Amino acid sequence: MFDRLMLLLAWIAALLFVAAGVMLTYEVVARYFFIRPTIWAAELSQLCLIWGSLLGMPWALAARRHISVDAITRLCKPGMRRLLEIIAMAVVLVFSVMVTFKGWEIFLESFERGRTSGTMLDLPAWVAEIPVVIGFALLAVQAVIEIVGVIRGKDIPEGAHE
């Protein structure tokens, strides 16, 4: 079930990246061909990139699409590789939990104080802060899933860089 959610979020992230590209293309055409820049394209495209990046993280971890340096781990025996994988996922888990809690504090403060972006759109600041909480919380859950999988004997994915 969580895998399906992560796949859905990955597709949403992809659509957000496309939307950002469309908005920025529109902005360039409006600005340089029609001398009519927008007040919304840059800020909304930034939000799309923020949301897309953070929502796509758990899927990227499960699919092993993050950057990894495995020159040494490939030389290790399978048992050592499993241990190193568990350690790596534990580091991801601890970091993700820390970012989730700190991100929540930042979000809550912005929400309570009514902070805004300070741009012409003047969007609430929390709109760009809450995806940090959501993305890293989901990444933490995915790290736990990966640790449990390795402990249960699941093959360690090699990633798509082969």
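Residues numbered from 1 in each chain as written. Predicted model: local features only at pLDDT ≥ 70, side-chain atom pairs only at ≥ 80, totals over all residues. Heavy atoms only, no water.

Let us look at the environment of Ile106. Relative to the elements of secondary structure, Ile106 occurs in helix 3 (residues 78-113). Given a relative accessible area of 37%, Ile106 falls into the partly exposed group. For Ile106 and Thr38, which are 68 residues apart along the polypeptide, the C-alpha to C-alpha distance reads 29 Å. (Helix = DSSP H or I, 4+ residues; strand = E, 2+ residues; numbered from the N terminus. Buried < 20%, exposed > 50% of the residue type's maximum accessible area, 1.4 Å probe, protein only.)

Once that is clear, we can look at the packing of helix 1 (residues 2-32) against helix 4 (residues 126-151). For the pair helix 1 and helix 4, the least separation of the axes is 12 Å and the interaxial angle reads 135 degrees. Considering the angle they form, helix 1 stands oblique to helix 4. Helix 1 and helix 4 meet at a crossing whose hand is left-handed. Contacts between helix 1 and helix 4 involve Phe2, Met6 and Leu9 on the former and, on the latter, Leu138, Val141, Gln142 and Ile145. Looking at side-chain class alone, the contact of helix 1 with helix 4 contains 6 nonpolar, 1 polar and no charged residues. (Axes fitted to C-alpha atoms, helices over the stretch in contact; angles between N-to-C directions. Parallel < 35°, antiparallel > 145°, perpendicular 65-115°, else oblique. Left-handed = near helix turned anticlockwise from the far one by under 90°. Contact = heavy atoms within 4.5 Å. Nonpolar A, V, L, I, M, F, W, Y, C, P; charged D, E, K, R; others polar.)

Moving on, we come to the side chain of Thr100. Residue placement: Thr100 occurs in helix 3. By relative accessible area, Thr100 is classed as buried at 14%. Those residues in contact with Thr100 that lie beyond four places of it in its chain are Val133, Phe136 and Ala137.

A separate point is a nonpolar patch on the surface. A grouping of Tyr26, Ile39, Trp40, Leu44 and Met120 is seen on the molecular surface, where their side chains present a nonpolar patch of about 510 Å² in accessible area. Locating Leu44 in the fold gives a position in helix 2 (residues 41-62). On the basis of relative accessibility, which here comes to 30%, the residue Leu44 falls in the partly exposed class. (Patch = residues over 30% accessible without salt bridge, like charges linked within 9 Å, V, L, I, M, F, W, Y side chains within 5 Å. Areas by Shrake-Rupley, 256 points an atom, 1.4 Å probe, with all protein chains shown as cover. Salt bridge = Lys/Arg side-chain N within 4 Å of Asp/Glu carboxyl O.)

Once that is clear, we can look at the UniProt feature "transmembrane region" (unreviewed entry) in the chain. When the UniProt feature table is mapped to this numbering, "transmembrane region" (unreviewed entry) covers residues 40-62, 83-104 and 124-145. Regarding residues 40-62, the helix share stands at 96% and the strand share at 0%, and the terminal C-alpha atoms are separated by 34 Å. For residues 83-104, the end-to-end C-alpha separation is 31 Å, with 100% helix and 0% strand making up the annotated structure. (UniProt positions renumbered as here; feature names shortened; annotations may be inferred.)

To continue, consider the nonpolar core. Counting residues in hydrophobic clusters, the biggest one holds 10 residues: Phe2, Met6, Leu9, Leu16, Ala20, Met23, Ala41, Cys48, Leu55 and Leu138. Elements with a minimum of two residues in this core: helix 1 and helix 2. With 6 residues, helix 1 is the largest single contributor of residues to this core. With residues up to four places along the chain from it excluded, the contact list for Phe2 reads Leu138, Val141, Gln142 and Ile145. In this structure, Leu61, Val99, Leu139 and Ile147 belong to the second largest nonpolar core, which totals 9 residues. (Core = buried A, V, L, I, M, F, W, Y, C linked by side-chain atoms within 4.5 Å.)

For the coordinates displayed, the defined rule picks out 6 aromatic pairs. Aromatic pair Tyr26 and Trp40: ring centres 5.7 Å apart, planes at 25 degrees, arrangement stacked. Within this pair, whereas Tyr26 is found in helix 1, its partner Trp40 is found in the loop between helix 1 and helix 2, the two being separated by 14 residues in sequence. A connected cluster of aromatic rings, assembled from ring pairs, spans Trp104, Phe107, Phe111 and Trp126. (Phe/Tyr/Trp six-rings, centres within 6.5 Å; stacked < 30°, edge-to-face > 60°.)

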